[in-house]
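What the coordinates show
Residues per chain are reported as follows:
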Amino acid sequence: MSVTELKKKDEFDNFKTDQLVVVHFYADWAEQCQHMNVVLEELATQKSLQDVKFVKCQAEEIPEVCVKYSVSAVPTFVLLRSGKLVDRVDGANPTELSKKVNIHASKTPAAEPAAAPAVDINSRLKSLIESAPVMLFMKGNPKEPRCGFSRQMIEILNSNDAEYQTFDILSDNDVREGLKKYSNWPTYPQLYVNGELVGGIDIVKEMVQSDELKSLLPKKQNLDERLKSLINKSNVMVFMKGNPKTPRCGFSRQLMEILNETGVAFETFDILEDEDVRQGLKTFSNWPTYPQIYVKGELIGGLDIIKEL
């Protein structure tokens, strides 16, 4: 039996079976992970474990899954059955891993441990709304709007050369239904500026006719200029997955713990909410992973560098 690599959350969610599943959350840059991948391959060849499914996932690529199973460091192994957690091994411990895999492969799994508390939907909505100065909740995305009103809204924003971000409400029913109640606005698209609801397509059209919209919307910046502005937004600036209250990967969570212990004031930017920043900053700073921390506009590095410091 070979080790299966899963690269997306959807792939992970669909990989459910009554059989025991052993998942290795790893990172390419971690030497211990490379060693434990070899251990995983060896376990997968054992005849006594032929009914066990062995899986590996890059932790940084599936932050939502890391949060679900409280993966805060690599390597981490979780043992699942029907998608439910039955045991785990934190760190590079081949002996303990082999022992636990063999135990659970030969018996009925124990009851699932209590799940991590869900993120409060209102906190999440507030975070999404405030993740960009101009935030549009729409059906589809700017390149492929999936309703006529969303398409019209994108055309208006583009014609005003506006700097904005979007969220596809068709991709997340919790956001789609929750935002209606949160903002007391029953339809989509919904446009927000500086955290405040402007309205839907009819309101925006009226503002175009009265020439109010143009002065309300910030203009697009060159990406490099925008990145430079974000980096210098605070003396200490962290680009991470999620936010300080709800980090969405183990590395970001560890960095928050370290910074909170120091008492240093800092601001953060959620790179999961802005693909331009997420990809552009890698090139701009020549640093391929997240989180990234900057002090007075200068890159310090990622989690490993901070731990060394």
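Residues numbered from 1 in each chain as written. Predicted model: local features only at pLDDT ≥ 70, side-chain atom pairs only at ≥ 80, totals over all residues. Heavy atoms only, no water.

As annotated in an unreviewed UniProt entry, the protein chain carries the name Thioredoxin domain-containing protein and is attributed to Laodelphax striatellus.

Some words on the pairing of strand β11 (residues 267-270)
Here strand β10 (residues 236-240) runs beside β11; their pairing, made up of four bridges, is parallel. Among the inter-strand pairings, Val238 is bridged to a residue of β11, identified as Thr268. For the handedness criterion, the β-α-β arrangement of β10, helix α11 (residues 250-262) and β11 is classed as right-handed. (Pairing = 2+ DSSP bridges. Helix = DSSP H or I, 4+ residues; strand = E, 2+ residues; numbered from the N terminus. Right-handed = clockwise from strand over helix to strand, strands pointing away.)

A look at the layout of surface pockets
Estimated volume of the second largest pocket: approximately 460 Å³. Around the second largest pocket sit Lys7, Lys8, Lys9, Asp10, Glu61, Pro63, Glu64, Arg248, Leu272, Glu275, Arg278 and Gln279, which together line it. At the level of elements, α1 (9-14), α3 (63-68) and α12 (275-285) are the ones that each hand at least two residues to the lining of the second largest pocket. Looking at which element gives the most residues to the lining of the second largest pocket, the answer is α12, with three residues. Broken down by class, the residue content of the lining of the second largest pocket amounts to two nonpolar, one polar and nine charged. Each of domain 1 (4-105) and domain 3 (224-307) contributes no fewer than three residues to the lining of the second largest pocket. (1 Å grid on protein atoms, 1.4 Å probe; cavity = no way out; pocket = protein on both sides within 12 Å on 5 of 7 lines; lining within 4 Å. Points joined across faces, edges and corners; volume = space filled by probe spheres on them. Nonpolar A, V, L, I, M, F, W, Y, C, P; charged D, E, K, R; others polar. Domains from an automatic or database assignment.)

Some remarks on empty space enclosed by the protein
Summed over the entire model, instances satisfying the criterion amount to two cavities of 30 Å³ or more. Considering the residues around the largest cavity, the lining is formed by Phe12, Asp13, Phe15, Lys16, Thr17, Val21, Lys68, Tyr69, Leu80, Arg81, Ser82 and Gly83. When its volume is computed, the second largest cavity comes out at roughly 30 Å³. In terms of lining, the second largest cavity is formed by Ala59, Cys66, Val71, Ser72, Ala73, Val74, Cys249, Gly250 and Phe251. Within the lining of the second largest cavity, the residues separate by chemical class into seven nonpolar, two polar and no charged. Of the domains in this structure, domain 1 (4-105) and domain 3 (224-307) are the two that each give at least three residues to the lining of the second largest cavity.

Remarks on the sheet that holds strand β1 (residues 3-5)
Here we have five strands laid out as an open sheet, ordered β1-β3-β2-β4-β5, and mixed in their pairing. Bordering the open sheet on either side are β1 and β5 (84-90), each of which pairs with just one other strand. The sheet shows a mean angle of 25° between the axes of neighbouring strands, taken without regard to direction. Across three bridges, β1 lies against strand β3 (residues 53-58) in parallel orientation. (Axes fitted to C-alpha atoms, helices over the stretch in contact; angles between N-to-C directions.)

Topic: the domain arrangement of the protein chain
Per the domain assignment, the segments making up the protein chain are domain 1 (4-105), domain 2 (121-216) and domain 3 (224-307). Here the C-alpha centre of domain 3 lies 28 Å away from the C-alpha centre of domain 1. On the side of domain 3, 13 residues touch domain 1, which itself brings 12 residues to the contact. Across the domain 1 to domain 3 interface the summed buried area is about 1,000 Å²; carbon plus sulfur atoms make up 56%. Of all residues in domain 1, Trp29, Glu60 and Ser72 bury the most surface against domain 3, accounting for 51% of the area lost on that side. (Contact = heavy atoms within 4.5 Å. Buried area = accessible area lost by both parts, 1.4 Å probe.)

As for helix α10 (residues 223-231)
For α10, the complete set of buried residues consists of Arg226, Leu227, Leu230 and Ile231. Buried residues of α10, seen end-on, are gathered within an arc of 135° and therefore sit on one face of the element. Elements that come into contact with the buried residues of α10 comprise β7 (165-168), β10, β11, α12 and β12 (292-295). (Buried < 20%, exposed > 50% of the residue type's maximum accessible area, 1.4 Å probe, protein only. Arc of directions from axis to C-beta.)

Some thoughts on the pattern of salt bridges
Following the criterion strictly, the structure yields 11 salt bridges and no others. Here Glu267 ties to Lys233 by a salt bridge, and the two come within 3.8 Å at their closest N and O atoms. Of this pair, Glu267 sits in strand β11 while Lys233 is found in the loop between α10 and β10, placing the two residues 34 residues apart along the sequence. Given the relative accessible area of 34%, Glu267 is considered partly exposed. What makes Lys233 exposed here is its relative accessible area of 51%. (Salt bridge = Lys/Arg side-chain N within 4 Å of Asp/Glu carboxyl O.)

Quick word on the packing of aromatic side chains
As enumerated under the stated definition, the model contains seven aromatic pairs in all. Between the aromatic rings of Phe12 and Phe25, the centroid separation amounts to 6.3 Å while the plane-to-plane angle is 35°, which identifies the pairing as tilted. Residue Phe12 is found in helix α1, and its partner Phe25 is found in strand β2 (residues 20-26); the two are separated by 13 residues along the sequence. Phe12 sits in the buried class, given a relative accessible area of 7%. (Phe/Tyr/Trp six-rings, centres within 6.5 Å; stacked < 30°, edge-to-face > 60°.)

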